[in-house]
Amino acid sequence: MGVLVLGGGVSGLSTAYYLTKKLHPTSIYLWEASERCGGWIRSHRNEKGIIFEQAARTLRPKSEAGANTLALVEELQLSKDVCCVLSSSPAAKKRLIYVNGQLHALPSSIFSLFKKIPPFSKPLITNFLNEYKVPKKQVKDESIHDFISRRFGHEIADYLINPLICGICAGNAKEVSVNFLAGQLFEYEQSYGNISKGLLYNLFTKNKGLPQSSLLDKAKREKWNVYSFKNGLETLPRRLNEYLNSVGILPAINTQCEKIEFSKNEVIAHNQNSSLKIKHLFSTILSEQLAKLIVDQHPKLSVLLESIKSVNVAVVNLHFKGELIKNPGFGFLVPPQENLPILGVIFDTCSFEQNGDTVLTVMMGGHWFQKYFANFEQDEQFYNVALNYISKILNIHEEPISHKVSILEKCIPQYSIGHKATVESINNYISTFRLPISICGMSFQGVGVNDVILSAKKSVNNFFKNQ
Ligand SMILES: Cc1cc2nc3c(=O)[nH]c(=O)nc-3n(C[C@H](O)[C@H](O)[C@H](O)COP(=O)(O)OP(=O)(O)OC[C@H]3O[C@@H](n4cnc5c(N)ncnc54)[C@H](O)[C@@H]3O)c2cc1C
């Protein structure tokens with residue numbers, strides 16, 4: 001009996017990839033509901049050869065997860081296709097926020113912490129120095145906004161954290177758990193009383209065994225900030241798929257799992273046409289989607305899985321003739337307190353040049369999708385909102401040469417307060433009932449591409465450790 005991987009996004013493809021290191025390919029199956037593998041990672045090329053990224057566009061080389069992806073990229077022989085943004089480039093250094101009708105550059109160096117930079121009312125260094133004096137508050141979990149407000153003051157929470165959470169998960173920092181982004185800082189407070197002490201302790205004790213690769217060395221040497229590939233980020237899932245094909249695994253596309261049944265030592269997965277008996281299931285689909293497949297047999301587990309909700313995002317890619325960005329940078333984010341219907345705009349061509357033209361991506365919705373777009377029925381309405389704000393904020397009044405509107409339904413899970421405890425309960429349930437399933441993907445251990453690849457690798461390793 002073999003194993004089945006559910007979902008052909010980058011999580012599912014990398015799960016199957018790591019499985020090939022341990023199992024014979026003939027015992028690995030992969031089902032993908034849609035007509036292609038790659039999931040949300042999709043790089044469209046328009047008729048002029050310009051790349052529009054539908055969702056994910058760049059990867060960070062830092063952290064354990066970043067180093068792991070670099071090692072994977074190298075193993076897949078994709079190193080020569082990598083294109084990077086150096087830390088010294090404007091796209092890495094200049095991040096803007098739109099507050100009170102104006103764009104403001106966020107502090108980007110140690111020196112800028114000593115200056116008063118609007119919209120902040122005083123030099124940020126004072127917030128960091130005062131953190132040492134803020135008493136510890138014993139809590140199990142809280143919103144990232146509350147935590148940062150408490151430790152560093154409300155301006156940092158409003159102008160740094162609010163837009164950051166919009167940019168990373170299209171979420172509301174007042175509802176997203178501190179563990180989503182600042183789990184380490186939160187642990188420092190809970191263990192050492194304040195963050196400064198925790199950081200110092202960590203500085204002297206850290207010993208991280210990062211996955212090594214020549215690409216990681218290169219990224220460190222050249223000081224990469226982020227990277228992608230010459231033909232867009234979809235190069236990565238495409239190559240994973242090619243690799244799987246080359247060893248004899250053909251992902252079954254248009255194959256949607258509709259129901260899962262567990263028995264003592266096996267699982268039966270049903271799709272629209274047939275059923276498959278396997279010894280273990282690796283689910284990489286959204287928690288909410290998995291909930292529906294197991295509800296008959298495990299209603300309590302289904303309720304837990306169902307509680308991790310995802311939001312919709314509208315993405316509008318715009319291609320303009322010539323270079324129109326007057327103030328090059330990564331792009332700008334809009335804090336929710338500004339009450340605008342856009343989350344932010346990415347200046348794609350400031351990171352990766354494309355024939356001297358300008359490519360921008362406007363992100364909208366997320367946590368506020370229903371508030372602003374409940375009545376929208378046509379792509380053109382999203383396009384008009386995007387153009388309106390491009391013209392108002394960036395003073396770009398030209399007509400785009402081409403554009404693409406994508407409405408991504410349930411595309412980013414929200415790690416609400418209590419998320420960590422929910423994931424623990426899900427894992428406890430699975431181990432108590434000895435269900436032959438491993439869960440990875442975006443809903444559990446991080447929403448970024450690096451996170452889901454590392455989570456895939458760990459799931460596979462844990463499965464073989466427990467055999
Ligand atoms: C707008 C946006 C911007 C982003 N930007 C970045 C970024 O710049 N950098 C970054 O690191 N990350 C970014 N991300 C996150 C990144 O896209 C995700 O981490 C990644 O795509 C998750 O891959 P996945 O395989 O876990 O999920 P998915 O891509 O959702 O793949 C899951 C697959 O499972 C299939 N499936 C679902 N149900 C079933 C079923 N019942 N049976 C069979 N198959 C099923 C789906 O069709 C899908 O193909 C962004 C995400 C969004 C939405």
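Only a predicted model underlies this, so the values are computations on that prediction, with no experimental measurement involved.

Novice: Explain the site of the ligand here, please?
Specialist: Neighbouring the ligand are 29 residues; Ser11, Glu32, Trp40, Thr58 and Val447 lie closest to it. In this structure, Ala33 approaches the ligand through a main-chain N or O atom, which is 3.0 Å from a nitrogen atom. In the environment of the ligand, an oxygen atom lies 2.9 Å from a nitrogen or oxygen atom belonging to the backbone of Val449. Considered on its own, the ligand offers 1000 Å² of accessible surface; in the complex 87% of this is hidden by protein. For the shell around the ligand, the secondary structure elements donating two or more residues are α1 (10-20) and β17 (402-413). Residues of the shell around the ligand, tallied by class, amount to 16 nonpolar, 11 polar and two charged. Structurally, the shell around the ligand is a two-domain feature, drawing no fewer than three residues from each of domain 1 (3-82 + 230-308 + 416-465) and domain 3 (310-413).

Novice: Would you mind showing me how to read the side chain of Ser228 here?
Specialist: The residue Ser228 is located in strand β8 (residues 224-229) in this model. A polar contact is formed between the side chain of Ser228 and the backbone oxygen of Arg57, at a distance of 3.4 Å. The contact partners of Ser228, leaving out residues within four places of it in the chain, are Glu53, Arg57, Asp81, Val82, Cys83, Leu233 and Phe352.

Novice: Looking at this structure, how should I read the packing of helix α5 (residues 144-152) against helix α6 (residues 154-169)?
Specialist: Between α5 and α6, the least distance of the axes is 8 Å, while the angle of their chain directions is 150 degrees. It follows that α5 is roughly antiparallel to α6 by the angle criterion. The hand of the α5/α6 crossing is right-handed. Between α5 and α6, the residues in contact are Ile144, His145, Ile148, Ser149 and Phe152 and His154, Ile156, Ala157, Asp158, Ile161, Asn162 and Ile165, respectively. Each residue belonging to the contact of α5 with α6 can be placed in one class, and the counts come to seven nonpolar, four polar and one charged.

Novice: What exactly am I supposed to notice about α6 here?
Specialist: In an α-helix, one turn spans 3.6 residues, which is why side chains three or four residues apart end up on the same side. At Ile161, α6 is deflected by roughly 30 degrees, the largest bend along its length, and proline Pro163 occurs up to four residues later in sequence. Those residues of α6 not exposed but buried are Glu155, Ile156, Ala157, Asp158, Tyr159, Ile161, Asn162, Pro163, Ile165, Cys166 and Cys169. Directly after α6, the chain includes Ala170, whose backbone phi takes a positive value near 55 degrees.

Novice: What is the right way to read the packing of aromatic side chains from this model?
Specialist: Remark: the centre distance and the inter-plane angle together describe each pair of aromatic rings, the angle taken between the planes. For the structure on display, the rule yields 17 aromatic pairs. Seen in terms of ring centroids, Tyr17 and Tyr243 are 5.0 Å apart; in terms of plane orientation they differ by 65 degrees. Their pairing is edge-to-face. Taken as a pair, Tyr17 in helix α1 and Tyr243 in helix α11 (residues 235-246) lie far apart in primary sequence, 226 residues in all. Here Tyr17 falls in the buried class, since its relative accessible area comes to 2%. Taking the relative accessible area as the measure of exposure, Tyr243 reaches 25% and is therefore partly exposed. On the basis of an interplanar angle of 70 degrees and a centroid distance of 6.3 Å, the ring pair of Phe332 and Phe347 is categorised as edge-to-face. Linking Phe332 in strand β14 (residues 331-333) with Phe347 in strand β15 (residues 342-347), this pair joins segments that are 15 residues apart in sequence.

Novice: Hey, could you run me through the sheet that holds strand β16 (residues 358-366) in this one?
Specialist: In a beta sheet, neighbouring strands are held together by backbone hydrogen bonds and run either parallel or antiparallel to one another. Overall, mixed pairing links the seven strands, which are arranged β7-β6-β14-β15-β16-β13-β17 in an open sheet. Pairing within the sheet leaves two strands with one partner each, and these edge strands are β7 (102-105) and β17. Each strand of the sheet is rotated relative to its neighbour by a mean of 25 degrees, with strand direction disregarded. Summarising the sheet, β15 and β16 pair through five bridges and their orientation is antiparallel. Its bridge partner being in β16, Gly344 is matched across the sheet by Met363.

Novice: Honestly, the sheet that holds strand β9 (residues 257-263) in this entry has me stumped. Any pointers?
Specialist: Here we have three strands laid out as an open sheet, ordered β9-β10-β11, and antiparallel in their pairing. Edge positions in the sheet fall to β9 and β11 (275-278), since each has one partner strand and no second. Strand-to-strand twist across the sheet, computed as the mean angle between neighbouring axes with direction ignored, equals 20 degrees. Sheet analysis places β9 next to strand β10 (residues 266-271), joined by six bridges and oriented antiparallel. The residue bridging Cys257 from the neighbouring strand is Asn271, located in β10.

Novice: Just to check I follow, could you spell out the pattern of salt bridges for this structure?
Specialist: For side chains of opposite charge, pairing can occur when their charged atoms come near one another. Enumeration over the complete set of coordinates arrives at 16 salt bridges. Note that Glu266 and Lys277 form a salt bridge whose closest N and O atoms lie 3.7 Å from each other. With Glu266 in strand β10 and Lys277 in strand β11, the pair connects residues that are 11 residues apart, well separated along the chain. Residue class for Glu266 comes out partly exposed when judged on its relative accessible area of 21%. Overall, Lys277 belongs to the partly exposed group, its relative accessible area being 46%. Here the salt bridges share partners, and the residues they tie into one network are Arg36, Glu234 and Arg238.

Novice: What should I look at first to understand the domain arrangement of the protein in this one?
Specialist: One frequent convention defines the size of an interface as the accessible area lost when the parts assemble. Segmentation of the protein into domains returns domain 1 (3-82 + 230-308 + 416-465), domain 2 (120-204) and domain 3 (310-413). Between the C-alpha centres of domain 2 and domain 3 there is a distance of 29 Å. On the side of domain 3, 12 residues touch domain 2, which itself brings 13 residues to the contact. Summing both partners gives a buried area of about 910 Å² for domain 2 against domain 3, and 70% of it is carried by carbon and sulfur. For the domain 2 face of the interface with domain 3, the top three residues by lost area are Pro163, Cys166 and Ala170, together amounting to 47%. Inspection of the region where domain 2 meets domain 3 yields four residue pairs in polar contact (both at pLDDT 80 or more). The class makeup of the residues in the side of domain 2 that touches domain 3 is seven nonpolar, four polar and two charged.

Novice: Help me out: how do you make sense of the environment of Gln102 in this one?
Specialist: Tracing the backbone shows Gln102 in strand β7. Sequence separation between Gln102 and Leu394 is 292 residues, and the spatial gap between their C-alpha atoms is 10.0 Å.

Novice: I tried to follow the nonpolar core on my own but got confused; where do I start?
Specialist: It is characteristic of soluble globular proteins that their nonpolar side chains tend to be buried jointly. Grouped together as the largest cluster of nonpolar side chains are 41 residues, with contacts concentrated most on Val10, Leu19, Leu72, Val73, Tyr227, Phe229 and Leu236. Looking at this core, the elements that each hand over two or more residues are β1 (3-6), α1, β2 (28-31), α2 (63-75), α10 (214-222), β8, α11 and α18 (449-465). Not counting residues within four places of it along the chain, the set of residues in contact with Val73 comprises Leu78, Ser79, Val82, Leu215, Tyr227, Phe229 and Leu236. Ile125, Tyr159, Leu343 and Cys411 belong to the second-largest nonpolar core, a separate cluster that totals 40 residues.

Cut-offs used in this document
Residues numbered from 1 in each chain as written. Predicted model: local features only at pLDDT ≥ 70, side-chain atom pairs only at ≥ 80, totals over all residues. Heavy atoms only, no water. Near = heavy atom within 4 Å. Polar contact = N/O pair within 3.5 Å; in protein donor to acceptor, adjacent residues only side chain to side chain. Areas by Shrake-Rupley, 256 points an atom, 1.4 Å probe, with all protein chains shown as cover. Helix = DSSP H or I, 4+ residues; strand = E, 2+ residues; numbered from the N terminus. Nonpolar A, V, L, I, M, F, W, Y, C, P; charged D, E, K, R; others polar. Domains from an automatic or database assignment. Contact = heavy atoms within 4.5 Å. Axes fitted to C-alpha atoms, helices over the stretch in contact; angles between N-to-C directions. Parallel < 35°, antiparallel > 145°, perpendicular 65-115°, else oblique. Left-handed = near helix turned anticlockwise from the far one by under 90°. Bend = angle between axes of the 7 residues up to and from the residue. Buried < 20%, exposed > 50% of the residue type's maximum accessible area, 1.4 Å probe, protein only. Phe/Tyr/Trp six-rings, centres within 6.5 Å; stacked < 30°, edge-to-face > 60°. Pairing = 2+ DSSP bridges. Salt bridge = Lys/Arg side-chain N within 4 Å of Asp/Glu carboxyl O. Buried area = accessible area lost by both parts, 1.4 Å probe. Core = buried A, V, L, I, M, F, W, Y, C linked by side-chain atoms within 4.5 Å.

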